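# Residue-level structure breakdown
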Amino acid sequence: QSAQVQADAARKIYAAAAADAKKQLQIIADRKAQIDAADSKARRYYTQIYGSWHASVVAAQRVAAAAQAASGGSGNTGSGGTYTPPPTPKGSAAEIAISYAKSVIGTQYVWGAADPSVGFDCSGLVMWAYAHAGISLPHSSALMAAMLPHVSRADLVPGDLVFFYTPVSHVGLYVGGGMMIDAAHSGPGGEVNYRSIDSFGSFVFGGRISG
């Protein structure tokens, strides 16, 4: 009888614990659903705002380019303009790409552009530099990140691509010593230049291009 009483008490304790665990799991599931909904909403807002911002930047750059063309400006450091390509370099694809990236230091940032006489955005610069080495890349940092094998910061070598933010939305060309060449943003200070890969504080991984 004593054992029966103890067994009944144990069953009641187990049943109560199981019911409480089930309740807690439901609370967690409900909370996760709320977080997922909020995350989805935030991503939609981000896409809308980012798209509007890019549209305004592109419109402003077109106006500026039209004004420059009307005034007969040819461009200089910090802007698109005349461009003299470097002597055809020899070496690996990475060396060739780095050589071409160095040749356009000072060229202005222009979203959606990949032309030294106009300007570059981040992926446009990388795409353009590697095109001279016979390697085709998409004009998108996110697509580059998705298609290339990932490498850690400790394993980076010159010629690797370096990616930033989650989801990835910026890319630079690693040149060694913790430095990259990239086109950072529109406006003063955002032109193609050498920068530390710590400049953005959001490095996520590198990408390796074979060749």
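Residues numbered from 1 in each chain as written. Predicted model: local features only at pLDDT ≥ 70, side-chain atom pairs only at ≥ 80, totals over all residues. Heavy atoms only, no water.

### Thoughts on the confidence of the model for the chain
- On average, the chain scores 84 in pLDDT, and the residues at 70 or more come to 76%.
- Under a pLDDT of 50 for its full length, residues 73–77 has, in the predicted model, nine contacts with residues more than four places off or in other chains. (pLDDT = per-residue confidence, 0-100. Contact = heavy atoms within 4.5 Å.)

### Quick look at the environment of Gly 119
- Topologically, Gly 119 is positioned in strand β2 (residues 119–120).
- Residue class for Gly 119 comes out buried when judged on its relative accessible area of 0%.
- In this structure, the C-alpha to C-alpha distance between Gly 119 and Glu 191, residues 72 residues apart in sequence, is 8.5 Å. (Helix = DSSP H or I, 4+ residues; strand = E, 2+ residues; numbered from the N terminus. Buried < 20%, exposed > 50% of the residue type's maximum accessible area, 1.4 Å probe, protein only.)

### Describing the pairing of strand β6 (residues 179–182)
- Pairing analysis gives three bridges linking strand β5 (residues 170–176) to β6, with the strands arranged antiparallel. Counted as the bridge partner of Tyr 174 is Met 180 from β6.
- The antiparallel hairpin formed by β5 and β6 contains two residues in its connecting segment, where Gly 177 sits at a positive phi of about 65°.
- Two strands pair when backbone bridges link them, and β6 and strand β7 (residues 193–196) are joined in this way by four bridges, in the antiparallel orientation. Residue pairing in the sheet places Met 179 in a bridge with Ser 196 of β7. (Pairing = 2+ DSSP bridges.)

### Concerning the pattern of salt bridges
- In total, this model carries four salt bridges according to the counting rule given.
- With a closest N to O distance of 2.1 Å, Arg 11 and Asp 8 form a salt bridge. Of this pair, Arg 11 and Asp 8 both sit in helix α1 (residues 2–71), three residues apart, roughly one helical turn.
- Of the charged contacts, one joins Asp 182 and Arg 195 as a salt bridge, the two residues approaching to 2.6 Å between their closest N and O atoms. With Asp 182 in strand β6 and Arg 195 in strand β7, this residue pair connects regions lying 13 residues apart in the sequence.
- For Asp 182, a relative accessible area of 0% translates into the label buried. (Salt bridge = Lys/Arg side-chain N within 4 Å of Asp/Glu carboxyl O.)

### Observations concerning the nonpolar core
- By size, the foremost hydrophobic cluster in this structure holds 31 residues, and its most contacted members are Val 126, Tyr 130, Leu 137, Leu 161, Phe 163 and Leu 173.
- Of all elements in the fold, only α2 (93–103), α3 (122–131), α4 (141–147), β4 (161–164) and β5 reach the threshold of two or more residues within this core.
- Of the residues forming this core, the biggest block, seven residues, is contributed by α2.
- When residues no more than four places from it in sequence are discounted, the contact partners of Val 126 are Leu 137, Met 144, Leu 161, Val 171, Gly 172 and Leu 173. (Core = buried A, V, L, I, M, F, W, Y, C linked by side-chain atoms within 4.5 Å.)

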